[in-house]
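Structural description and commentary
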Amino acid sequence: MRRGAAPVRRVLVEARAKLNLGLIVGPRRTDGYHEIATLYQSISLADTLEIRPRARGFSLAVRIEDVSALPEKAHSGSHAAGRRGTSPRGPRATSAIPTIPRGPDNLVLRAARLWRDSTGIEGGAAFHLTKRVPAGSGMGGGSADAAAALLGLSLLRDARLGRDRLLELAERLGSDVPFALVGGTALGLGRGERLSRVKLARSFRAIVAVPRWRISTASAFARIDRHKNPLTPWSVKLRSAQLLGRKRLRPEAWMRLGNSFERVLGNRRAEFESLVGRLRRAGATDVRMTGSGSAVFGMIEPGIPTSRVVARFEGSEAIFVVRSRTAGLRATTATGA
Ligand code: C5P
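In this text, all values refer to a predicted model and were calculated from it rather than measured experimentally.

Criteria and thresholds
- Residues numbered from 1 in each chain as written.
- Predicted model: local features only at pLDDT ≥ 70, side-chain atom pairs only at ≥ 80, totals over all residues.
- Heavy atoms only, no water.
- Near = heavy atom within 4 Å.
- Polar contact = N/O pair within 3.5 Å; in protein donor to acceptor, adjacent residues only side chain to side chain.
- Areas by Shrake-Rupley, 256 points an atom, 1.4 Å probe, with all protein chains shown as cover.
- 1 Å grid on protein atoms, 1.4 Å probe; cavity = no way out; pocket = protein on both sides within 12 Å on 5 of 7 lines; lining within 4 Å.
- Sits in = over half its atoms within 2 Å of the grid points.
- Helix = DSSP H or I, 4+ residues; strand = E, 2+ residues; numbered from the N terminus.
- Nonpolar A, V, L, I, M, F, W, Y, C, P; charged D, E, K, R; others polar.
- Pairing = 2+ DSSP bridges.
- Axes fitted to C-alpha atoms, helices over the stretch in contact; angles between N-to-C directions.
- Contact = heavy atoms within 4.5 Å.
- Parallel < 35°, antiparallel > 145°, perpendicular 65-115°, else oblique.
- Left-handed = near helix turned anticlockwise from the far one by under 90°.
- Points joined across faces, edges and corners; volume = space filled by probe spheres on them.

The environment of the ligand is formed by Gly32, Tyr33, His34, Ile36, Gly174, Ser175, Arg191, Thr217, Ala218 and Phe221. His34 places a side-chain nitrogen or oxygen 2.7 Å from an oxygen atom of the ligand. Expressed as a share of its isolated accessible area of 450 Å², the protein-covered part of the ligand is 72%. According to the grid-proximity analysis, the pocket containing the ligand is the largest pocket. At the level of secondary structure, the elements contributing two or more residues to the shell around the ligand comprise strand E2 (34-54) and helix H5 (217-226). Ranked by residue count, the leading element in the shell around the ligand is H5, at three residues. The class makeup of the residues in the shell around the ligand is four nonpolar, five polar and one charged.

Here's what the structure looks like:
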C-alpha cells in the first residue's frame, strides 16, 4: 500500500459481457486450442463483483438477478405481443441463468488464487457476485467475472501489477479473459488472446435471445473438428478479418464475417433458424450467434424503439436489450476505516 493512503475497504467492479460480432475458427493447434479470428465487443449487460478485505482466505457469495426483458415462458407457447419494457422487474427466480459453480471452481475464486499465488500478496477477500449474464451462452460472463477479480484484488491491495502482467494472468484463466480485461472493441487472434483495438463506425443497440440449451466451449470446438471441410480456406478468411480490422466499419460489416459455430449446430439447426427468423420479424436487422452459442443477437437500427422490437418478439427465449460499450470493466473503490 502507498504510504499514507487510506486502506481500500470495498471495490465494486462492473464486469461487462461481450458479443462476438464475427467469429471464424481455423486449424486445431498442437496445444489443443484452435486458431480463431473474432471481433469482440463489450456490451452493457454486466455482472457486478463486490470485493471486501478479510484476514485470510477467499469466500464467494452469488446472487442471481434476472434483468431479461421477458421472462422465459417454458412450454406456454405464448408470444410477446403486448409486453413492453426492457427494464429489470426486480430479482426473480429464473432459468435464464443456469447454475454456475459456487465452489472453488468458480472463475472468481480461480482468478483470486492465481492472483495470490503469482503476486505472493497475502490477505484474503470476500467476493459478492451479482450474476446477470446468462452462463454458458457465449456472452463471456464467467470471463468477465474472472477479469473483475484480477482487477478488483489489485485495487483492493493497491498492487500495481501493470497491464501486461494482468493480461498474462488473464490468459491463464481462459481465452476470452484478456479481452474481458481490456474491453471495448477488439480483433482477437491466436486463441483469442492476441488483441488489437478496433474502432467501430458507430455504437449500436442489439437484442439478444438466449435459448434454454447450452453447450460447453470445448464440445463446440470438437464439433468443428468433426465437420472440417470449409469451402473457403482459413488463410483467406484470416486475411479478410485482418483487413477489416484496419478499417472503421459499421458493426454489421463485421457480422458478415460469419460465425463458424453456426454451421455445426446439428439437431439444433432448426431451432436456431427459427430464432433467427423470429428476431428478424421482431425488427432486428443482421442476426448472428455469439461465441459458441447458444445466444443469438440482432442489430436494432438507429431510431427504432427497443420496446417495439421486444414487444414484437415471439418466443420463450430470455431476451436482453444491450448497447455497445467502449470498455470492459468499470471499477470504483471506497476507502476509509
Ligand atoms: O480458453 P478456454 O478455457 O475458455 O477454452 C475452453 C476450451 O475450448 C479449451 O479447452 C479448448 O478445448 C476450446 N478452445 C479451443 N480454441 C480456442 C478457445 C477454446 O479449442 N481458441
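Still to come is the rest of the account.
Moving on, we come to the sheet that holds strand E8 (residues 287-289). Across the sheet, which stays open at both edges, the four strands sit in the order E8-E9-E7-E10 with antiparallel pairing between neighbours. With partners counted over all chains shown, the strands left at the sheet margins are E8 and strand E10 (318-323), one partner each. Between one strand axis and the next, the sheet turns through 25 degrees on average, direction left out of account. The pairing of strand E7 (residues 205-210) with E10 spans six bridges and is antiparallel. Bridge pairing in E10 links Val208 to Phe320.

Note on placement: Arg132 falls in the loop between strand E4 (124-131) and helix H2 (141-156). A polar contact of 2.9 Å, which involves the side chain of Arg132, links it to the side chain of Thr48.

Attention now goes to the side chain of Asn106. Turning to its location among the elements, Asn106 is positioned in the loop between strand E3 (58-64) and helix H1 (107-119). Look past the residues within four positions of Asn106 in its chain and what remains in contact with it is Leu60, Ile100, Pro101 and Leu129.

This part takes up the packing of H1 against helix H3 (residues 163-173). The interhelical angle for the contact between H1 and H3, taken along N-to-C directions, is 135 degrees, at an axis separation of 10 Å. By the angle between their directions, the pair H1 and H3 is classed as oblique. Helix-helix and strand crossings are classified by hand; for H1 and H3 the assignment is right-handed. Residues Leu107, Arg110, Ala111, Leu114, Trp115, Ser118 and Thr119 of H1 form the contact with H3, whose own contacting residues are Arg165, Leu169, Arg172 and Leu173. Broken down by class, the residue content of the contact of H1 with H3 amounts to six nonpolar, two polar and three charged.

What follows deals with empty space enclosed by the protein. A full pass over the atoms with the stated rule returns two cavities of 30 Å³ or more. Its volume calculated, the largest cavity comes out at about 60 Å³. Taken together, Arg16, Ala17, Lys18, Ser42, Gly140, Ser143, Ala144, Asp176, Phe179, Ala180, Gly183 and Gly328 make up the lining of the largest cavity. Secondary structure elements with two or more residues in the lining of the largest cavity: strand E1 (8-28), H2 and helix H4 (177-182). Examining the composition of the lining of the largest cavity, we find that three residues originate from one element, E1, more than from any other. Looking at the lining of the largest cavity, its residues break down into four nonpolar, five polar and three charged. Here the second largest cavity is characterised by a volume of approximately 40 Å³. As for the second largest cavity, its lining consists of Pro211, Trp213, Glu271, Phe272, Leu275, Met289, Ser294, Val296 and Glu317. Broken down by element, the residue count for the lining of the second largest cavity peaks at three residues, all from helix H8 (residues 269-282).

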